Amino acid sequence: MTAPAPVAAPPPTAVAPFVRCFVSDYFRNPVNLIVLVLVPAVFVLVAAGSIAQAMELLGRSLGSRPAVETATAGWAAAFLAGVAMYFQVRSARATDRRLVLAGLSPVGLVGARATTGLALAVLVSTVSLLALAARAGIDDPVRVIPATLMFAVIYLAIGAVVGILAGNPVNGAVVILFVWIIDVFIGQVGDTTEQISRWFPTHFVARWMVGLPTGHAGRLGDLGASLVWVTAAVLIAAAALVASSRIARPTRRAAGQLRTGLRLGVVELSRNPVFAVLLIVVPVVFVLLAKITTPARSMVLTLRENSAAVTMSFWFPEVHAGTMTPIAIGSLATLAGLFLVLDTADGDRRLRLAGYRAGVLLTARLGVIAVAVLVVTAAALAITATVFDARNWAGYAAANLLLAATYALIGVIIGPLFGRVAGVFVAFLIPFLDLGLIQSPMLRPEPQPWARAMPGYGASRVLFDTALTDHFDEIEALLIALVWFIGLAAVAALLYTRGYPSRRSNRIGPSSALA
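Quick caveat, the model's predicted, so the values are computed rather than measured. (Residues numbered from 1 in each chain as written. Predicted model: local features only at pLDDT ≥ 70, side-chain atom pairs only at ≥ 80, totals over all residues. Heavy atoms only, no water.)

(A) Here's a closer look at the overall build of the chain. Tallying secondary structure elements over the chain gives 18 helices and two strands in all. Taking the contacts inside the chain whose residues are at least 6 apart along the sequence as the reference set, 75% of them involve residues at least 24 apart. Carbon and sulfur atoms make up 67% of the accessible area of the chain, which totals about 22100 Å². (Helix = DSSP H or I, 4+ residues; strand = E, 2+ residues; numbered from the N terminus. Contact = heavy atoms within 4.5 Å. Areas by Shrake-Rupley, 256 points an atom, 1.4 Å probe, with all protein chains shown as cover.)

Structure representation (structure tokens):
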């Protein structure tokens, strides 16, 4: 008898076999592919015009509205690539460690991950460019196509570094979203004499993309400065990945019945101090930047006063921070709801099999989410109070809290339906489109009629009424907001109870099948 010939293992520096495995693993969930295609297409086709208008109102210009709309292809590719790479790095830490211990060189591992990330970047860049071509055409493909890919590569590196530093997916998603928002709305200043703008990741890339010289790129020129950013980002990310390839952190999960579950859930939040800091710091910085960067001009809003629609004029710097607060609150609440319910999914499933009631577990989870919602709302309102004076502070605070709770429930629903990776994209898209564009008082005096069907409509109208008028007149909007809140709570409860089988159903299931 002859022994079977041994199967040759890939050499320690082989990349191609692992790239195929990483790509197939990422697209094993078809929702990931759908989101990578759908989100940039929707962003460019639907949101480009509103973003251009918002940047004009804020004094952030790339020369013209068509130029801003062109840049949205790069911004869409950047965000999607950053989040996708974050989860590539974060979710595979244990697997990567085992591969390195089994003989794969750290350099080979980094090469495989980088190649996989580049494939994702090419995909989202292609979709963004096709959407741009369908929307407005591509006048200068020699600039637009490589610039879009440079956007994506820079944020691939950012996502990889954040994946190493932020062990909790909530923290990572918030950090990437925060960097992206600041980069888009602060990094593209209209005044080329601004010194701070050159330190933002895609400042030079965006200016070169639309053919608008920065005036401060030196002898390298804007293209050279863009390539320096791309090269530096890739080198830093690669070095960080190699250095951390043998590190794996344990994960923790909350568990327990109602009182114990609430207590342990809050303890679990306290064990993640970075998340608590982000819940406080992100809205504070967001509101302060809204105040600092507001142009000196008037804005017109249509509000209800004494049961009648009235057109009112406001000094933009005095009210802008107050109207931007719900965007920060809603976005963070959605991510908190998404990740807090996903992070406890495995533990809750085991507890259900052990006999715990789904209602008890759901109440405990929602209680922990409520704590996070209260923290982010309190932080945002505390800093808003220093730069904005609402007419009715109690009503304004209650409206922000209602909006945060509504979007936290949306995050709870998104989690089971889309999963962790695709869920982040959806959790970014919904509040950004709804609160940042559709309900935004910067873009139009009052929302369009179809905006009433969006989850943020009711709470936003209540918020603007309590912030800017002397009398509360938005009873109908309040009822709409409460209907949304109750309906979302019912859907969240249904998804939660159906997602975790009980001990009894698990015991009866096999015998029923045999019958």
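Right, picking up where we left off after that structure.
(B) Quick peek at the packing of helix H14 (residues 358-384) against helix H15 (residues 393-438). The interhelical angle for the contact between H14 and H15, taken along N-to-C directions, is 140°, at an axis separation of 10 Å. With respect to H15, the element H14 is oriented oblique. Remark: the crossing between H14 and H15 carries right-handed chirality. Across from Leu366, Ile369, Val373, Leu374, Thr377, Leu381 and Thr384 in H14, the residues of H15 making contact are Trp393, Tyr396, Ala397, Asn400, Leu401, Ala404, Ala405, Ala408, Leu409 and Val412. Classifying every residue of the contact of H14 with H15 by side-chain character gives 14 nonpolar, three polar and no charged. (Axes fitted to C-alpha atoms, helices over the stretch in contact; angles between N-to-C directions. Parallel < 35°, antiparallel > 145°, perpendicular 65-115°, else oblique. Left-handed = near helix turned anticlockwise from the far one by under 90°. Nonpolar A, V, L, I, M, F, W, Y, C, P; charged D, E, K, R; others polar.)

(C) A look at the packing of helix H12 (residues 316-343) against H14. Contact geometry for H12 and H14: axes closest at 10 Å, N-to-C directions at 160°. It follows that H12 is roughly antiparallel to H14 by the angle criterion. Considering how the two elements wind past one another, H12 and H14 form a crossing that is right-handed. On the side of H12, the interface is formed by Gly322, Thr325, Ile329, Leu332, Ala333, Ala336, Gly337 and Leu340, while H14 contributes Val368, Ile369, Ala372, Val373, Val376, Thr377, Ala380 and Thr384. Partitioning the contact of H12 with H14 into residue classes produces eleven nonpolar, five polar and no charged.

(D) Representation of the confidence of the model for the chain within the structure. Put simply, the chain has an average pLDDT of 76, and 75% of its residues get 70 or more. Element-level pLDDT for the chain is lowest in helix H18 (residues 503-514), with a mean of 39, against a maximum mean of 89 in helix H16 (residues 457-468). Segment residues 3-10: pLDDT under 50, and zero contacts once partners within four positions in sequence are set aside and those in other chains are kept. Low pLDDT (under 50) marks residues 247-256, which in the prediction has 29 contacts with non-local residues, meaning those over four places away or in another chain. (pLDDT = per-residue confidence, 0-100.)

(E) Representation of the pattern of salt bridges in the model. Evaluation of the coordinates by the stated rule reveals three salt bridges. Notably, a salt bridge pairs arginine 391 with aspartate 470, separated by 2.7 Å at the nearest N-O pair. Residue arginine 391 is found in the loop between H14 and H15, and its partner aspartate 470 is found in the loop between H16 and helix H17 (475-499); the two are separated by 79 residues along the sequence. You can call aspartate 470 exposed: its relative accessible area is 54%. (Salt bridge = Lys/Arg side-chain N within 4 Å of Asp/Glu carboxyl O. Buried < 20%, exposed > 50% of the residue type's maximum accessible area, 1.4 Å probe, protein only.)

(F) Geometry of the environment of tyrosine 396. Structurally, tyrosine 396 can be placed in helix H15. For tyrosine 396, a relative accessible area of 0% translates into the label buried. C-alpha separation for the pair tyrosine 396 and leucine 468, spaced 72 residues apart in sequence, amounts to 9.4 Å. When residues no more than four places from it in sequence are discounted, the contact partners of tyrosine 396 are Gly322, Thr325, Leu381, Thr384, Phe388, Ala390, Leu463, Thr466 and Ala467.

(G) Structural detail: a nonpolar patch on the surface. A grouping of Phe472, Ile475, Leu479, Leu482 and Ile486 is seen on the molecular surface, where their side chains present a nonpolar patch of about 460 Å² in accessible area. Along the polypeptide, leucine 479 turns up in helix H17. (Patch = residues over 30% accessible without salt bridge, like charges linked within 9 Å, V, L, I, M, F, W, Y side chains within 5 Å.)

(H) Region of the structure containing the environment of threonine 231. Counting through the fold element by element, threonine 231 comes out in helix H9 (residues 221-243). Owing to a relative accessible area of 44%, threonine 231 belongs among the partly exposed residues under this scheme. Taking the C-alpha atoms as reference points, threonine 231 and isoleucine 154, separated by 77 residues in sequence, lie 8.5 Å from one another. At a separation of 2.8 Å, a polar atom in the side chain of threonine 231 contacts the main-chain carbonyl oxygen of leucine 227. (Polar contact = N/O pair within 3.5 Å; in protein donor to acceptor, adjacent residues only side chain to side chain.)

(I) Region of interest: the pairing of strand S2 (residues 308-315). Pairing of strand S1 (residues 298-305) with S2, which is carried by eight bridges, proceeds in the antiparallel orientation. Each residue of the ladder has a partner; that of methionine 299, found in S2, is phenylalanine 314. The antiparallel hairpin formed by S1 and S2 contains two residues in its connecting segment, where asparagine 306 sits at a positive phi of about 60°. (Pairing = 2+ DSSP bridges.)

(J) Up close: helix H8 (residues 203-210). Along H8, seven of the eight residues are buried, which leaves the element largely enclosed by surrounding structure. Listed as buried for H8 are His203, Phe204, Val205, Ala206, Arg207, Trp208 and Met209.

(K) Inspection of the packing of aromatic side chains at higher detail. Taken as a whole and assessed by the stated rule, the structure comprises ten aromatic pairs. Measuring from centroid to centroid gives 5.5 Å for tryptophan 393 and tyrosine 396, while their planes differ by 85°, and the two rings are edge-to-face. Here tryptophan 393 pairs with tyrosine 396, and both are found in helix H15, just three residues apart, close to one helical turn. We classify tryptophan 393 as partly exposed; its relative accessible area is 30%. (Phe/Tyr/Trp six-rings, centres within 6.5 Å; stacked < 30°, edge-to-face > 60°.)

(L) Up close: the nonpolar core. Grouped together as the largest cluster of nonpolar side chains are 134 residues, with contacts concentrated most on Phe79, Trp180 and Phe432. Among the elements that take part in this core, H15 stands out by supplying 23 residues, more than any other. Setting aside anything within four residues of it in sequence, one finds tryptophan 180 in contact with Phe43, Trp75, Ala78, Phe79, Tyr155, Phe428 and Phe432. (Core = buried A, V, L, I, M, F, W, Y, C linked by side-chain atoms within 4.5 Å.)

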